[in-house]
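Examining the three-dimensional arrangement
Listed here are the chains, written in short residue letters.
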Amino acid sequence: MKLRRTKATTIYETRLSRVWIARTAVCYLFAAILWYILCVITPYMDSVGIPASDAPNLTRAAFTATDAEREKPDSDKPKAAFLPTGEQSFYLRLDMIERAKSSIDFMVYDIYEDVGAQYFFTALFRAADRGVKIRIVTDGKLGTFKPPYIPLQNIIYNHNNIEAYGFNGIDFGRPQGLMTLLHDKVLCVDGDALIVGGANMGHAAYLDNYDAEVLITDGGKSDVISDVRGYFDGMISDKLTSRRKRSKKVDEKAKTRYEHELEEYLKTCADRFGDARAVAQSVAVDRITHLTNPVTDGKKSPRIMQAMFELAESSERTTIVTPYALITDKKIDRLRAAAEKNKSFRLITNSLYNSRNVAYAVYMQGRKKYLSDSIELWEYQADDQLHAKISVYDGRYTMIGSFNLDERSAHIDTESVLIIDSQAFAAAAERYIDEKIVAESCRVGMDNKYIPSDVEPGKVPRDKQVKYFFYTALAAVINLI
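Model, not experiment: these values are computed from the prediction.

Read from one edge to the other, the open sheet built from eight strands follows the order β11-β20-β18-β17-β12-β14-β15-β21, with strand pairing classed as mixed. Whereas interior strands pair on both sides, the edge strands pair on one side only; in this sheet they are β11 (287-292) and β21 (441-444). Pairwise comparison of adjacent strand axes, ignoring direction, gives a mean angle of 15° for this sheet. Relative to strand β14 (residues 344-350), strand β12 (residues 317-321) runs parallel, the two being bridged by five bridges. By the bridge assignment, Thr 319 is partnered in β14 with Arg 346.

Structure, rendered in structure tokens:
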């Protein structure tokens, strides 16, 4: 009998197929992506508090003017002007740059792809042409020029009198850095005039949002502008910041066109607004404090939020205006406890009607947590989105800047605010809040529905309702996880 040989397959052998290889590769890829996501978010899961060395600088006493500061004549005090955003405020920025003589420091989160951004950066390179030294710091991931304005980018990045930097650009070798953004909005001219606020750069930021800024004209009467310039120095020298690379050759025809279009715009504004300096109604203030988050790419100590809570907890009357209210339950509990110590406590934010941020779904899902007998919760109903970040305490202290009442602003992004001790300035801020924001807002009742009033809630389109219902459901699932 003839024996037939057959190949034996043992447990030590595996028949490899293309399907098996593909499935294995997909599994490994999925595991790698999951591992990388964990590397991104894990550094932000730890609880981070206020170092003992910082605590004394974040109290009401630290923001309060001394007797000597209050007793100075107004002519010896720094001046502050409350600036609601709009075309006048945008023109004021351009006018400051046109008058600049020695230096300009500019820091911003996002650059819009619109003609307003074009005008602003054209004014900057014109100032540089006059010999003004300019430093620009933007977010390394999002604060870039968009394709229509690449010729403008080339002019800015290649100018000998302009230093352009990006903070914390994309570096996949440093996963935790992907979360951190530069969120400050600051303009400092000649070491004498300073604007801090919540507006990004572009006409959309000034014409399509309700935002607010403060103009400080210092004249060396306080340390705030030198503090801000020191913050610029530290940001630029930080290991996370890199110089923008010089790009292609400058397009001289585009440069000439940009300058001509700016000239035409400035003529139009001058006819409507006159002397831009007269637009800003300044008042003498007793003390100004510049407060920032730490410049790191890990979870940050919540300096600004601590200052906000310290002021609220020691006040009888508090108003907080924020585009987003997205804080943890523990912080909400502290907010409610602070409100109980106040005779009046208002929290004002966007409504579903005008919000453009998908994160708003998290607030929608947990809105009931902000309701209490002590908190008046208001939602803005006008067509323009509320983007202002203002809080006022006891009609005396005003915090204004880039800080949202959310976890990103508390622990992740870089932020800048000014805390101003001045009854006159606080009155201007409260007047704006009452006349322009609360006047177009609806109050949320304890039943989580709007209390009937003269203000009609905005009608939310059906597709937006469906979209945010989905986002809200997703937020609920994430919270359970």
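Further notes follow.
A word on helix α6 (residues 150-158). Where burial is concerned, most of α6 is hidden: seven out of the nine residues are buried. For α6, the complete set of buried residues consists of Leu 152, Gln 153, Asn 154, Ile 155, Ile 156, Tyr 157 and Asn 158. Those residues of α6 that are buried are in contact with α5 (115-129), β3 (133-139), β4 (162-167) and α9 (252-273).

A few words on the side chain of Lys 331. Residue position: Lys 331 is located in helix α12 (residues 329-341). Among all residues touching Lys 331, those that are not within four sequence positions of it are Met 305, Phe 309, Glu 407 and His 411.

One open sheet holds the nine strands; their spatial order is β9-β4-β3-β2-β5-β6-β8-β1-β10, and the pairing between them is mixed. The sheet terminates laterally at β9 (241-243) and β10 (283-284), the two strands that pair on one side only. Where strand β1 (residues 79-84) and β10 come together, two bridges link them in antiparallel fashion. The residue bridging Lys 79 from the neighbouring strand is Ala 284, located in β10. Contacting β1, β8 (212-217) and β10, helix α15 (residues 423-437) runs over the sheet at an angle of about 5° to β1.

The full count for this structure, using the stated rule, is 14 aromatic pairs. Members of the aromatic cluster, connected to one another through ring pairs, are Phe 106, Phe 120, Phe 121, Phe 145 and Tyr 157. Between Arg 243 and the ring centre of Tyr 165, over which it is positioned, the NZ or CZ distance is 5.7 Å. A cation over an aromatic ring shows up here: Arg 367 above the ring of Tyr 450, its NZ or CZ 5.8 Å from the ring centre.

Glancing now at the nonpolar core. As a rule of thumb, soluble globular proteins bury nonpolar side chains together. Core analysis: the biggest nonpolar cluster contains 49 residues, and Leu 94, Ile 104, Phe 120, Phe 121, Ile 134 and Met 201 have the highest contact counts within it. In terms of residue count, α5 provides more of this core than any other element does, nine residues in total. Not counting residues up to four positions away in its chain, the partners in contact with Phe 120 are Phe 90, Arg 93, Leu 94, Ile 97, Phe 106, Leu 187 and Met 201. By size, the runner-up hydrophobic cluster in this structure holds 43 residues, among which are Met 235, Ala 382, Ile 390 and Ala 429.

About the thresholds
- Residues numbered from 1 in each chain as written.
- Predicted model: local features only at pLDDT ≥ 70, side-chain atom pairs only at ≥ 80, totals over all residues.
- Heavy atoms only, no water.
- Pairing = 2+ DSSP bridges.
- Helix = DSSP H or I, 4+ residues; strand = E, 2+ residues; numbered from the N terminus.
- Axes fitted to C-alpha atoms, helices over the stretch in contact; angles between N-to-C directions.
- Buried < 20%, exposed > 50% of the residue type's maximum accessible area, 1.4 Å probe, protein only.
- Contact = heavy atoms within 4.5 Å.
- Phe/Tyr/Trp six-rings, centres within 6.5 Å; stacked < 30°, edge-to-face > 60°.
- Lys NZ or Arg CZ within 6 Å of the ring centre and 35° of its normal.
- Core = buried A, V, L, I, M, F, W, Y, C linked by side-chain atoms within 4.5 Å.

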